[in-house]
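Residue strings, one per chain:
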Amino acid sequence: MGVSRLDVFYRRLLLSKLFIGGWGKPEDLKRIFEFRKIIGDRERCRSLVPEDYPVHINKTEEHIDCHIHDGFFISPLEHFVPGILPAEAVKARFQFIVPKKWQKNRPVCIHLAGTGDHFFWRRRTLMARPMVKEAGMASLLLENPYYGYRKPKDQLRSSLKNVSDLFVMGGALILESTVLLRWLEREGYWPLGMTGISMGGYMASLAVTNWPKPIPLIPCLSWSTASSVFTTGVLSTAVSWTELEKQYAINSVYEEEIIKLLDYCGADSFRMGPDFTKNVDSLEHLLGLSGDVRASVGHNSKAGGDAEAGQGLLIGAGPEGGGTRVDQSLSSGNSPGMSLGTPPRSLDGSGTLQGQRMDSARCWRPSLHRESTSFMKAVMDECTHMANFSVPVDTSLIVVVQAKEDAYIPRTGVLSLQEIWPGCEVRYLNGGHISAYLFKQNVFRRAIYDTFDRFCLKYPDLH
């Protein structure tokens, strides 16, 4: 199956670059990788977030068919990995759309935001309000870190500054989803499920791997890992490879230390073979790209050993303590904070590196793009590959909706979700990523209703 030309065309209209700040601070990457090993194991996380974690409603609006509640809470990630979130993102904000009349039970679906989905308008208009009318179903819209009210002041629109920002976002959303699911349970809502479109689908999938009970999951236009998105999909052309390659070249910590922290090395990690090259060739032809965009991947051995939970992560806090930032966020939500954006080492105006001249042979070696792409795939697989997380409790409650010609979410060369989650259902749509998003929202909603019905039939007494 080819890729959608609409996807390729739409991507060419957007000129913004991703990861202009680089990989992120090495110490931040190390801390989030260590924490990933904890949240990737559901059994280790059973008591990570307290059952009575505080959630606050600070505004309510009444509409003809529903109430819309605005709420907030402090992201648990700030407690476990202090200072890793930018100050603006510490306070997690959400909108809860509740029908005035329930049709059956009190179902709630949590929607996580896709790329570029700032604030709540898009999800509320395209999904939540129609779900109230069609099925009497409530929706809870959680705002992603780095988006909307949680966007750092120095970030341009939706373009994450650092690769590490994506991993921080994922870690935060896993814990924040747990907070909301437990809060909804306390409030008597049932059944509960999760969904998301594109990046929101990835994040919803990650969150469900951490939930200790059967739960409906409907990831739309997402797949098993984000590594292919940034190495072979159309978004790979938006990545600031020049900055990433420069940092990878001048700071040996990435290939000498960080690579050893990576756990996932499955059949599709660091290796795509001829399918990888074929896919890149096809994409280059469509985009009219030069050969320097082409990438291949190498090999790496699996790093062993579990991370120390809890205390070891708290020690790595930045100059602002976790407690201080939490207190400030509760009072104002606008406290000054740390940024992940500054690369650990950089060139000065004279072309020197921390007072010493760069090794030009090291920094401009011919294989640099290939090495940087391999490293990108490795770190993306570490934090986003579903095989690196626990299998959801009941995979029969997972309905994946995917586009056959999706150029944003390549499926070639990576494990399928059916292989990772045996028993899940995949529904394919004709067309690509953009056309599915624009014209198939009703299909996404139908998949949600079907999955919730399946849950109610299978677990009528589980509440």
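Residues numbered from 1 in each chain as written. Predicted model: local features only at pLDDT ≥ 70, side-chain atom pairs only at ≥ 80, totals over all residues. Heavy atoms only, no water.

- The protein chain is annotated in an unreviewed UniProt entry as Abhydrolase domain containing 18 of Zoarces viviparus.

### What to know about the overall build of the protein chain
Right, so step 1: Helix and strand counts for the protein chain stand at 17 helices and 11 strands.
Right, so step 2: Within the protein chain, buried positions represent 61% of all 463 residues.
Right, so step 3: Long-range contacts, defined as pairs at least 24 residues apart, comprise 81% of the intrachain contacts of the protein chain with a sequence gap of at least 6.
Right, so step 4: Summed over its atoms, the accessible surface of the protein chain is roughly 18,400 Å², and 53% of this surface lies on carbon and sulfur atoms. (Helix = DSSP H or I, 4+ residues; strand = E, 2+ residues; numbered from the N terminus. Buried < 20%, exposed > 50% of the residue type's maximum accessible area, 1.4 Å probe, protein only. Contact = heavy atoms within 4.5 Å. Areas by Shrake-Rupley, 256 points an atom, 1.4 Å probe, with all protein chains shown as cover.)

### Considering the environment of Thr60
Right, so step 1: Assignment of secondary structure puts Thr60 in strand β1 (residues 56-62).
Right, so step 2: Thr60 sits in the partly exposed class, given a relative accessible area of 46%.
Right, so step 3: Spatially, the C-alpha atoms of Thr60 and Phe96 are 9.2 Å apart, while their sequence positions differ by 36 residues.
Right, so step 4: Aside from chain neighbours lying at most four places away, what touches Thr60 is Ile68 and His69.
Right, so step 5: Within the structure, the side chain of Thr60 is placed 2.9 Å from the side chain of His69, a separation counted as a polar contact. (Polar contact = N/O pair within 3.5 Å; in protein donor to acceptor, adjacent residues only side chain to side chain.)

### Some thoughts on the layout of surface pockets
If a probe the size of a water molecule is rolled over the atoms, the empty space left behind becomes visible.
Right, so step 1: Its volume calculated, the largest pocket comes out at about 1,100 Å³.
Right, so step 2: Around the largest pocket, the lining comprises 45 residues; the ones closest to its centre are Gly114, Thr115, Gly116, Arg122 and Tyr147.
Right, so step 3: Counting only elements with at least two residues in the lining of the largest pocket, the list comes to α1 (5-13), β4 (108-112), α4 (121-135), β6 (192-197), α6 (199-209), α7 (227-231) and α16 (433-439).
Right, so step 4: Per-class residue counts for the lining of the largest pocket are 25 nonpolar, 14 polar and six charged. (1 Å grid on protein atoms, 1.4 Å probe; cavity = no way out; pocket = protein on both sides within 12 Å on 5 of 7 lines; lining within 4 Å. Points joined across faces, edges and corners; volume = space filled by probe spheres on them. Nonpolar A, V, L, I, M, F, W, Y, C, P; charged D, E, K, R; others polar.)

### Section: the pattern of salt bridges
Right, so step 1: The tally for this structure, following the rule as stated, stands at 23 salt bridges.
Right, so step 2: Salt-bridge contacts for Arg427 lead to Glu425; the nearest nitrogen and oxygen are separated by 2.7 Å.
Right, so step 3: With relative accessibility at 25%, the residue Glu425 sits in the partly exposed group.
Right, so step 4: Linking Arg427 and Asp450 is a salt bridge whose minimum nitrogen-to-oxygen distance equals 3.1 Å. Taken together, the residues Arg427 in strand β11 (residues 425-429) and Asp450 in helix α17 (residues 441-458) connect sequence positions 23 residues apart.
Right, so step 5: A relative accessible area of 23% means that Asp450 is categorised as partly exposed.
Right, so step 6: The network of salt bridges with common partners includes Glu425, Arg427, Arg446, Asp450 and Arg454. (Salt bridge = Lys/Arg side-chain N within 4 Å of Asp/Glu carboxyl O.)

### A closer look at the environment of Phe19
Right, so step 1: Tracing the backbone shows Phe19 in the loop between α1 and α2 (26-39).
Right, so step 2: Look at Phe19 and you get buried, because its relative accessible area is 1%.
Right, so step 3: It is 9.7 Å that separates the C-alpha atoms of Phe19 and Leu166, two residues lying 147 residues apart in sequence.
Right, so step 4: With near-sequence residues (within four places) excluded, Phe19 lies in contact with Leu160, Lys161, Asn162, Val163, Phe230, Val239, Ser240, Leu244, Met376 and Met380.

### Details of helix α5 (residues 163-186)
Right, so step 1: Taking 1.5 Å of rise per residue, 24 residues should cover 34 Å, and α5 covers 36 Å from first to last C-alpha, within 8% of that figure.
Right, so step 2: Among the 24 residues that make up α5, 22 are buried, leaving the element largely enclosed by the rest of the structure.
Right, so step 3: Taken from the residues just after α5, Gly188 is the one with a positive phi, measuring 90°. (Expected span 1.5 Å × (residues − 1).)

### Section: empty space enclosed by the protein
Right, so step 1: Counted according to the given criterion, the structure contains three cavities of 30 Å³ or more.
Right, so step 2: Taken as a whole, the largest cavity holds about 90 Å³ of empty space.
Right, so step 3: Around the largest cavity sit 14 residues that line it, and Arg36, Phe167, Gly170, Gly171 and Cys383 are the ones nearest its centre.
Right, so step 4: Breaking the lining of the largest cavity down by element, the ones donating at least two residues are α2, α5, α6 and α14 (368-384).
Right, so step 5: A per-element tally of the lining of the largest cavity places α5 first, with five residues.
Right, so step 6: Here the lining of the largest cavity is built from residues that sort into 10 nonpolar, three polar and one charged.

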